[in-house]
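Survey of secondary and tertiary structure
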Amino acid sequence: MKTNDELFKHVISHAKEYGFVFPSSEIYDGLSAVYDYGQLGAELKNNIKTYWWKAMVQLNENIVGIDSAIFMHPKIWKASGHVDGFNDPMIDNKDSKKRYRADQLIEDKIARYEKDGKTDKAAKLQSDLDAALNEDDLGRLKSIIEEHEIACPISGTKNWTEVRQFNLMFSTQMGAMADGSEEVYLRPETAQGIFVNFLNVQKTGRMKIPFGIAQIGKAFRNEVIARQFIMRMREFEQMEMQFFVRPGTELEWYQKWKETRLKWHLALKPNAAKYRYHDHVKLAHYANAAVDIEYDFPFGFKEVEGIHSRTDFDLSQHQQFSGKKMQYFDPEINQNYIPYVIETSIGLDRMFLTTLCNAYEEEDLSTAEKQDSRSVLHLHPALAPIKAAVFPLTKKDGLPEKARQVMDLLKIDYNIIYEEKDAIGKRYRRQDAIGTPICITVDHQSLTDDTVTIRHRDSMEQERVAITDLERILENIVGWKPLLQSLL
Ligand code: GAP
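Please read all numbers here as calculations on a predicted model, not as lab measurements.

On to the environment of Asn-197, then. Position of Asn-197 among the secondary structure elements: in the loop between helix H8 (191-195) and helix H9 (198-204). Linking Asn-197 and Lys-325, residues 128 residues apart in sequence, is a C-alpha distance of 12 Å. Ignoring sequence-local partners within four residues, the contact set of Asn-197 consists of Ile-66, Ser-68 and Ile-213.

So this is what it looks like as structure tokens:
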């Protein structure tokens with residue numbers, strides 16, 4: 001039986017070995033908290049994006065999608081509160097010169113107390129930490145670290161600096177001249193690109209409230225510490241949707257989106273027990289309700305998606321900072337108002353990790369006669385990077401040519417691969433490891449009666465089918481329709 005730590009290590013090495021995720025700049029020893037998606041990772045990521053986009057934009061008549069720029073006017077980040085408030089408390093160890101998030105050092109200590117059965121101590125420390133964070137009391141964070149004798153994991157010493165706030169936004173200069181250039185930020189969230197385009201979209205799209213604007217794109221955060229693989233990255237992608245509603249109706253819409261978004265996750269048929277809501281007790285000053293959808297990763301329950309009722313905070317701030325009206329005229333009640341907003345915000349990379357953790361299995365196939373096992377990704381077929389693999393049984397007798405004809409029939413609609421190397425059993429195992437739902441084998445019988453065998457990844461069962469039925473079979477198994485229909 002593997003520990004969760006071991007399981008997570010296996011997921012990470014599987015992701016690398018099969019071309020899903022590589023550390024960035026690996027030949028230069030990597031760049032911390034930055035990752036590249038390989039040939040299969042890019043396909044899986046695109047499929048997750050497509051699933052989200054279809055569910056949000058295609059299935060909802062009142063949601064449209066945009067693609068705003070990463071660079072935006074610097075005042076936007078002042079208005080949104082990111083320049084002044086998007087901070088993490090950090091502390092440096094003077095001996096190791098390593099920087100830590102003060103709150104995470106304390107959380108690690110709480111976890112150690114819990115592990116040692118000191119549950120009262122852990123609970124007391126947790127409530128002290130919550131109080132210090134709620135009051136932004138950096139001095140208190142430092143005293144907690146001292147009182148609990150928290151040492152640097154590298155140097156082992158308790159020689160700490162004061163706790164300081166560290167802004168998470170990356171900045172750069174726009175324009176060629178050093179003195180004429182302007183400091184701009186790499187956006188830390190995609191949401192503000194939606195808010196500042198609210199009226200452009202509403203007017204040009206003749207949208208009527210309630211309506212939503214969706215967007216998928218890169219976001220950047222200079223995370224003080226980065227851990228747990230693609231869980232906390234410095235460059236990542238978000239899939240966000242802002243839903244604009246009449247003031248006073250926002251909590252009904254919040255409830256609806258809370259349920260709709262969990263349904264989206266569960267439609268992929270994961271282990272439902274691994275999902276839970278985590279309601280925010282302490283709300284941000286602009287929110288009147290907020291919840292996280294959490295997934296039980298090998299390192300515990302963590303946020304994958306947030307649903308926030310953000311009131312009219314963002315649009316009001318942009319109205320104030322830009323001097324431009326952000327109001328909507330509601331013909332049904334004959335009134336102008338600044339709409340309230342429900343936000344759904346999911347990290348694409350976290351969804352990718354959730355998908356991998358859900359799918360990965362080291363399956364024991366041993367029988368009384370022999371030991372056997374396989375690594376398999378039970379990905380939902382619609383998300384699988386490769387939908388089917390086509391194998392000629394042997395490399396001769398016209399079987400490769402026939403297999404190529406089957407490929408040509410299917411490859412316009414689906415991502416299909418052709419493999420003729422190695423024994424069939426070995427070829428099946430390679431496809432299992434990357435989550436390919438169907439393997440199609442062309443044999444000598446195929447030459448005479450135009451049939452092939454298909455082998456299913458999860459059940460490993462095989463059946464003989466007519467080549468003319470393959471398109472229909474694939475549509476039923478790997479197409480978007482069954483998955484999207486389950487959301488209606
Ligand atoms: N617009 C709201 C917003 O950005 P957030 O909770 O800061 O809210 C939303 O981020 C989602 O983005 C999170 O639920 C998470 O999935 C993802 N996310 C945030 N920071 C991340 C990071 N450093 N690396 C990977 N994903 C991240």
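Back to the write-up after that little detour.
Let us look at the nonpolar core. Grouped burial of nonpolar side chains is what soluble globular proteins tend to show. Formed by 61 residues in total, the largest nonpolar core has its most connected members in Phe-20, Tyr-51, Trp-52, Trp-264 and Phe-352. A per-element tally of this core places helix H2 (residues 39-58) first, with eight residues. When residues are assigned to domains, this core turns out to be shared by domain 1 (18-71 + 190-354) and domain 2 (379-485), each giving three or more. Setting aside anything within four residues of it in sequence, one finds Tyr-51 in contact with Trp-264, Ala-267, Leu-268, Leu-383, Trp-480, Leu-483, Leu-484 and Leu-487. Counting residues in each nonpolar core, the second largest holds 21 residues, with Ala-388, Val-390, Val-465 and Leu-470 among its members.

Interaxial distance between helix H5 (residues 102-115) and helix H7 (residues 138-147) falls to 10 Å at its minimum, and their mutual angle equals 35°. The two elements H5 and H7 meet at a crossing, and its hand is left-handed. For the pair formed by H5 and H7, the contact residues are Ala-102, Leu-105 and Ile-106 on the first element and Leu-141, Ile-144 and Ile-145 on the second. Of the residues assigned to the contact of H5 with H7, the class counts are six nonpolar, no polar and no charged.

In the vicinity of the ligand there are 17 residues, among which Glu-189, Glu-223, Glu-240, Glu-303 and Val-304 approach most closely. Between Val-304 and the ligand, the recorded distance is 2.8 Å, taken from a backbone N or O atom to an oxygen atom. Interatomic distance of 2.9 Å between a side-chain N/O atom of Glu-343 and a nitrogen atom of the ligand. Relative to its unbound accessible surface of 560 Å², the ligand loses 90% to contact with the protein. Listing elements by their share of the shell around the ligand, those giving two or more residues are strand E10 (235-245), strand E13 (300-309) and strand E16 (340-347).

Further remarks concern helix H16 (residues 470-478). Of all the positions in H16, only Leu-470, Ile-473, Leu-474 and Val-478 are classed as buried. One side of H16 holds all its buried residues, which, seen down the axis, span an arc of 95°. The inward-facing, buried residues of H16 contact strand E19 (388-392), helix H13 (399-410), strand E20 (416-418), strand E21 (438-442), strand E22 (451-456) and strand E23 (462-466).

It is worth spelling out unusual backbone geometry at this point. Cis rather than trans, the peptide bond between Ile-209 and Pro-210 has omega equal to 10°. Mapping Pro-210 onto the fold places it in the loop between H9 and strand E9 (211-220). Positive phi values are uncommon outside glycine, yet Lys-97 reaches one of about 65°. We classify Lys-97 as exposed; its relative accessible area is 68%. For Asp-397, which is not glycine, the phi dihedral falls at a positive 60°. Structurally, Asp-397 is set in the loop between E19 and H13.

Conventions adopted
- Residues numbered from 1 in each chain as written.
- Predicted model: local features only at pLDDT ≥ 70, side-chain atom pairs only at ≥ 80, totals over all residues.
- Heavy atoms only, no water.
- Helix = DSSP H or I, 4+ residues; strand = E, 2+ residues; numbered from the N terminus.
- Contact = heavy atoms within 4.5 Å.
- Core = buried A, V, L, I, M, F, W, Y, C linked by side-chain atoms within 4.5 Å.
- Buried < 20%, exposed > 50% of the residue type's maximum accessible area, 1.4 Å probe, protein only.
- Domains from an automatic or database assignment.
- Axes fitted to C-alpha atoms, helices over the stretch in contact; angles between N-to-C directions.
- Left-handed = near helix turned anticlockwise from the far one by under 90°.
- Nonpolar A, V, L, I, M, F, W, Y, C, P; charged D, E, K, R; others polar.
- Near = heavy atom within 4 Å.
- Polar contact = N/O pair within 3.5 Å; in protein donor to acceptor, adjacent residues only side chain to side chain.
- Areas by Shrake-Rupley, 256 points an atom, 1.4 Å probe, with all protein chains shown as cover.
- Arc of directions from axis to C-beta.

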